[in-house]
Structure formats: structure tokens, C-alpha cells
Amino acid sequence: MIRLADIVKSFGDLTVLKGVSLAVREGSVTALIGPSGSGKSTLLRCVNLLEIPEAGQLVIGGETVRFTGRPPERETLRRVRRQTGMVFQNFQLFPHRTALGNVMESLIVVLKWPEAKARARALELLDKVGLADKAQAWPAQLSGGQQQRVAIARALASSPRVLLCDEPTSALDPELSLEVVEVLAQLAREGTTMLIATHDLRLAARVAQDAVLLEAGEVVEGGPAAELFTRPRQERTARFIATLGHGVVSDQGAEPG
Amino acid sequence: MPHWLQLMLDSLAPLLWACLVFTVPLTLLSFAFGLTLGFLTALARLYGPRPLVALARFYVWIIRGTPLLVQLFVIFYGLPSVGILLDAFPAALIGFTLNVGAYSSEIVRAVIASIPKGQWEASYSIGMNWAQALRRTVLPQAARTAVPPLSNTFISLVKDTSLAAAVTVPELFQAAQRIVATSYEPLIIYIEAALIYLALSSVLSALQDRLEHRLARASGLAPEAAR
């Protein structure tokens, strides 16, 4: 279980998250939806402490982090990040390493695995995302969809407890985003715990069991994804879903994050 | 054989000797030390605590704002007044190191800052700490961008070492001056010295090209695209 409680985060005068609480069940996928600037990305980044909230609490595995406005201990950062993997909107592959090198990086540098073992694990993951034949390719030689699949393999390398996906399909053309959706759907079937911030209704509907709508830094509504998408309880949710349905066709990748 | 050619051939051995024993070691040592100093200065300015940032800025300000020749004079002729007596070669080495350090720190700072924030975040997200992210992700990428401007610094340095003649280091240019003093042929001898500097710089340019190609290939980019 990953649990966020009363998370508050601001940038300067702007309060981006106003006491957000959220739980993700082990082995389930939660889609985090909401308009631009609603705080989805920020919330996601609070889970692996790329952003440090001012107040609230994060529980992940056996780790409980209480935010007090002071930066957390290095050891806390290390333990939390060991349990999380992240997929970025713009892939952020390491351009100076091959696909294989990207996936091996955490195993070699962070977990100090021997080279052969890391290579075997990385190849296995590249195979899982359908890119075993691209192991020696450089990121610059791969399509956007392929780069994002390598990024997913990289994020999974150290077997995180939860995979955080920040708009994983927003930078991709519809056809390319489909191959990424397929990979995420397969991971979901295998029981990978995921928290996905997305604009992509196709992705959310296909992959997530639960969905949470965030607006202006607050949770509007949360529950089973199928229900939220088809029978929203809140007027605001209904309105947002309506704009999304339109967005799938005409508005791909409109949100910067 | 024409007179000028005879003169050039006769003076070639002492000039090359001075080059090999003083110019080349002075260049290589002050570049190596200077680059180290520049790297540390850049890190201090980017990530250091406030006093260290101020110290780094002060150092760069002084060195960039004053003539290299004057700095060499202060070190070699000036410091003995306060009891610091240095031989000519170490004095020149210190002067050039401080210079390379100041100029290269600006280059290193700029190329590190040019690596997108997302690359740091991607490194943190797979569990790296700051030092690992710097060493494994940021520096290898920054190094590629840094090659052309650092090569400039290096090539300037080779030529600047001629200033060491003024603080009595018997390097290439001083050797040329000595030959002129007895042969009274400044045009021929100084042109010969200039040609040797030109040859050194050309070798460095060629090495720069090869390094750029190698680094470009090591990230799947065609060398042309990397230019």
C-alpha cells in the first residue's frame, strides 16, 4: 500500500497541493486525472521525493515519512527512491548510454550488481517491453515510443514497489502512444502497482482500476475507474471527462506537465 | 643552401630542446592542474555554500581582470618581497595554473548548467545520489560540450607560455631571443619560433577533432551532427 495523507506543497506563493490524500492498493493501478495545473505531476513527484511537501505524510512499504518543512534525511531519500520507479513525460533516457546501458544503470551504480547479472536482468526487461533487438541502440536512434518503453524498463530494473508514470503518453503521437499503453496494460495484468498521471482517457480506461480526479490541488472525486468515467458523482468530474473524451481525438500532448 | 635555411637548421636543435624541456611540460602541467582547479571552482560556484561561492567568484574576477604578464611578474618578482621566493619554472607554473583554472571554471560551470534538470531527476529517480548523478549522468554529457571551448583554452595556453620568457624560464621563445642576440637575425629566428608554436597548436587541433569524433560516436550521433 502506498498512502499519501494531507499533502501540502507550494511553489512560492502558489499552493499547488492543498492537503491531498490518496491510497494505492498493492498490485493495482490508479490513474490520476485532472486539468493542466491541477497538481497531478507534483503529487506524483512527491511520492519519490523529487518534490518535498511542506506538510503531510507518505507511507510506502515499511517507510513512513512525515513532512515538517525540513528536507528529509539522505537515508530517507535513498530508501524511498529504492521503492519507486518513475517514467517521465519526455522519457529522459541517458543519451550517452545504449538502451541496455540505461536499464543496467541503477543495477550497477545503485545496487552494485555484478555486470553479468545486471546485463541479464536488463535484457529480460527489454524483452518484456518488446525491445530485446534494440539493446545496443542509442536513444537518439529510437522512436519516441521505443524510448518510452526503454524508460519503463529502466524504471522497473530495481524492482520498485510502485511505478510512477508522469504523462507517459503525452509526448507521443497516437500510434506511438498505443505501444506504450500496451506495455503498461501488460504490466498492470501482471500486478505491477502503478500511479499514472495522465490526460489520456484511453490509457486510463485501459489500464487503471481506480481513478482520482484532482482539480486546483484538491481531490474532487476518487473511486473505481469504470464508475468514475461512466457515472461520475460530481458535476465537475462529468465536465472534465467530457473535455477529455474530446481531447483524446484532438488534443494529444497538450499539457506540459 | 641559402643563408636563411642554414640559420634555421642550425637553431632548430636548441629551439626544439627548449620546447621539449620547458614549453611542453609547462603547458601540460598547468593545463592538468588548471583544469582540476577549474572543475573544483565550478562546483564551488554551482553547489558550494555561500562563502565558497564568493571566494570562487573573487578568484575568477581577479584572474580574468588582470593581465597574465602582470600576474607572472607579481608571482616571480613581487612575492620575494614578502618572503616567498620561487624558482622561475614553479612561479610560471603557478601563474598559468591559476589562469587556466579561472577560464576553464567558467566553461565547466556553463556546460554543467546546460544539462537539463530532467537528467538529474531521472538519475535521482533510479536511486542515485547527487555525486553519482554528477559522475555518471551529468559529467559525461557535459564533457562532450566542453571539448571545443576547453581546446581553445589549451591552444591559447601553449602560446601564452611564451610569456614565461619574461620571468626567466628558458622556454622556446627565450631560446629564440638568445639565438637572436648572437646571430642578429630576428626575422628568421622569430618566424622559426612562430612555426614551432604553429605546429604545436596544429597537433592539438587535430587531437581535438579526433576526440570530438570519438565522443560523438559514443552517443550514437554521426560526427557531422555533433558539430
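Residues numbered from 1 in each chain as written. Chains lettered and ligands numbered in written order. Predicted model: local features only at pLDDT ≥ 70, side-chain atom pairs only at ≥ 80, totals over all residues. Heavy atoms only, no water.

Draft legend 1. Layout of the overall build of chain A. Helix and strand counts for chain A stand at nine helices and 10 strands. On C-alpha atoms alone, chain A measures out to a radius of gyration of 18 Å, which is about the 18 Å that the 2.2 N^0.38 rule sets for 257 residues. In terms of overall dimensions, chain A has a C-alpha envelope of 55 × 45 × 30 Å along the principal axes. Counting every position in chain A, which comprises 257 residues, the buried fraction comes to 56%. By element, 49% of the accessible surface of chain A is carried by carbon and sulfur atoms, the whole surface being about 10700 Å². Positive and negative side-chain charges of chain A, numbering 30 and 29 respectively, have mean locations separated by a distance of 6 Å. (Helix = DSSP H or I, 4+ residues; strand = E, 2+ residues; numbered from the N terminus. Rg over C-alpha atoms; globule rule 2.2 N^0.38 Å. Buried < 20%, exposed > 50% of the residue type's maximum accessible area, 1.4 Å probe, protein only. Areas by Shrake-Rupley, 256 points an atom, 1.4 Å probe, with all protein chains shown as cover. Lys, Arg positive; Asp, Glu negative; His and termini not counted. Charge placed at Lys NZ, Arg CZ, Asp CG, Glu CD.)

Draft legend 2. How the structure looks around the sheet that holds strand 10 (residues 218–224) of chain A. All names here are of chain A. Reading across from one edge, 6-7-8-3-9-10 is the order of the six strands in this open sheet, with mixed pairing throughout. Edge strands, defined here as strands with exactly one partner in the open sheet, are strand 6 (84–87) and strand 10. In this sheet, adjacent strand axes meet at a mean angle of 15 degrees when their direction is disregarded. Here strand 3 (residues 29–33) pairs with strand 8 (residues 194–197) via four bridges, running parallel. Residue pairing across strands places A31 opposite I196, the latter belonging to strand 8. (Pairing = 2+ DSSP bridges. Axes fitted to C-alpha atoms, helices over the stretch in contact; angles between N-to-C directions.)

Draft legend 3. Region of the structure containing the interface of chain B and chain A. Between chain B and chain A, the contact holds 21 residues from the first and 22 residues from the second. Surface buried jointly by chain B and chain A totals about 1900 Å² across both partners, of which 57% is contributed by carbon and sulfur atoms. The largest contributions to the chain B side of the interface with chain A come from S125, I126 and R136 of chain B, which together make up 32% of the buried area. The tally of links between chain B and chain A comes to two salt bridges. Linking E121 of chain B and R45 of chain A is a salt bridge whose minimum nitrogen-to-oxygen distance equals 2.6 Å. The interface formed by chain B and chain A contains seven residue pairs in polar contact (both at pLDDT 80 or more). Of all the elements in the fold, those that place two or more residues in the side of chain B that touches chain A are helix 5 (117–125) and helix 6 (130–160) of chain B. With eight residues, the single largest contributor to the side of chain B that touches chain A is helix 5 of chain B. Split by residue class, the side of chain B that touches chain A holds seven nonpolar, 10 polar and four charged. (Contact = heavy atoms within 4.5 Å. Buried area = accessible area lost by both parts, 1.4 Å probe. Salt bridge = Lys/Arg side-chain N within 4 Å of Asp/Glu carboxyl O. Polar contact = N/O pair within 3.5 Å; in protein donor to acceptor, adjacent residues only side chain to side chain. Nonpolar A, V, L, I, M, F, W, Y, C, P; charged D, E, K, R; others polar.)

Draft legend 4. Broad picture of the packing of helix 5 of chain B against helix 6 of chain B. Residue and element names in this part refer to chain B. One can describe the packing of helix 5 onto helix 6 by two numbers: an axis separation of 9 Å at closest approach and a directional angle of 135 degrees. Regarding the angle of helix 5 to helix 6, the classification is oblique. Here helix 5 runs over helix 6; the crossing is right-handed. Across from Q119, W120, S123 and Y124 in helix 5, the residues of helix 6 making contact are W130, A133, L134, T137, V138 and Q141. For the contact of helix 5 with helix 6, the per-class residue count stands at six nonpolar, four polar and no charged. (Parallel < 35°, antiparallel > 145°, perpendicular 65-115°, else oblique. Left-handed = near helix turned anticlockwise from the far one by under 90°.)

Draft legend 5. Expanded view of helix 4 (residues 88–113) of chain B. Compared with an ideal rise of 1.5 Å per residue, which puts 26 residues at 38 Å, helix 4 of chain B spans 38 Å between its outermost C-alpha atoms and is within 8% of the ideal. Along helix 4 of chain B, the sharpest kink reaches roughly 25 degrees, centred on S104 of chain B. (Expected span 1.5 Å × (residues − 1). Bend = angle between axes of the 7 residues up to and from the residue.)

Draft legend 6. Just the side chain of S10 of chain A, in detail. Residues and elements named next belong to chain A. Mapped onto the secondary structure, S10 falls in strand 1 (residues 2–11). Within the structure, S10 has its side chain in polar contact with the side chain of E54 (distance 2.7 Å). The residues contacting S10, other than those within four sequence positions of it, are T15, V16 and E54.

Draft legend 7. Seen up close, the UniProt feature "transmembrane region" (unreviewed entry) in chain B. Residue and element names in this part refer to chain B. In the numbering used here, UniProt assigns the "transmembrane region" (unreviewed entry) feature to residues 15–46, 58–79 and 187–207. The span residues 15–46 carries 100% helix and 0% strand; its end-to-end C-alpha distance comes to 43 Å. Counted over residues 187–207, helix gives 100% and strand 0%. Its end C-alpha atoms are 30 Å apart. (UniProt positions renumbered as here; feature names shortened; annotations may be inferred.)

Draft legend 8. Representation of the UniProt feature "domain: ABC transporter" (unreviewed entry) in chain A. As annotated in UniProt, the feature "domain: ABC transporter" (unreviewed entry) corresponds to residues 2–241 of chain A in the numbering used here. Annotated as 38% helix and 26% strand, the span residues 2–241 of chain A places its first and last C-alpha atoms 26 Å apart.

Draft legend 9. Local environment of the nonpolar core. Residues and elements named next belong to chain A. Ranked by internal contacts, the top residues of the largest apolar core, which has 53 residues, are L126, I152, L163, L184, M194, V207 and F229. Top element by residues in this core is helix 6 (residues 174–189). It accounts for seven residues. Shared between two domains, this core takes at least three residues from each, and those domains are domain 1 (1–81 + 190–257) and domain 2 (84–159). What M194 contacts, discounting residues up to four positions off in sequence, is V24, S28, V29, T30, V162, L163, L184, L187, A188 and V207. (Core = buried A, V, L, I, M, F, W, Y, C linked by side-chain atoms within 4.5 Å. Domains from an automatic or database assignment.)

Draft legend 10. Representation of the UniProt feature "domain: ABC transmembrane type-1" (unreviewed entry) in chain B in the model. The UniProt record marks residues 20–208 of chain B with the feature "domain: ABC transmembrane type-1" (unreviewed entry), using the residue numbering of this structure. Taken as a whole, residues 20–208 of chain B contains 83% helix and 0% strand, while its terminal C-alpha atoms sit 21 Å from one another.

Draft legend 11. Local environment of unusual backbone geometry. Residue and element names in this part refer to chain B. The backbone phi angle of T168 is positive, close to 70 degrees, even though this residue is not glycine. Looking at the secondary structure, you find T168 in the loop between helix 6 and helix 7 (172–183). Its identity is not glycine, yet Y184 carries a phi of approximately 55 degrees, on the positive side. Following the sequence through the fold, Y184 ends up in the loop between helix 7 and helix 8 (186–217). Relative accessible area serves as the criterion here: at 67%, Y184 is assigned to the exposed category.

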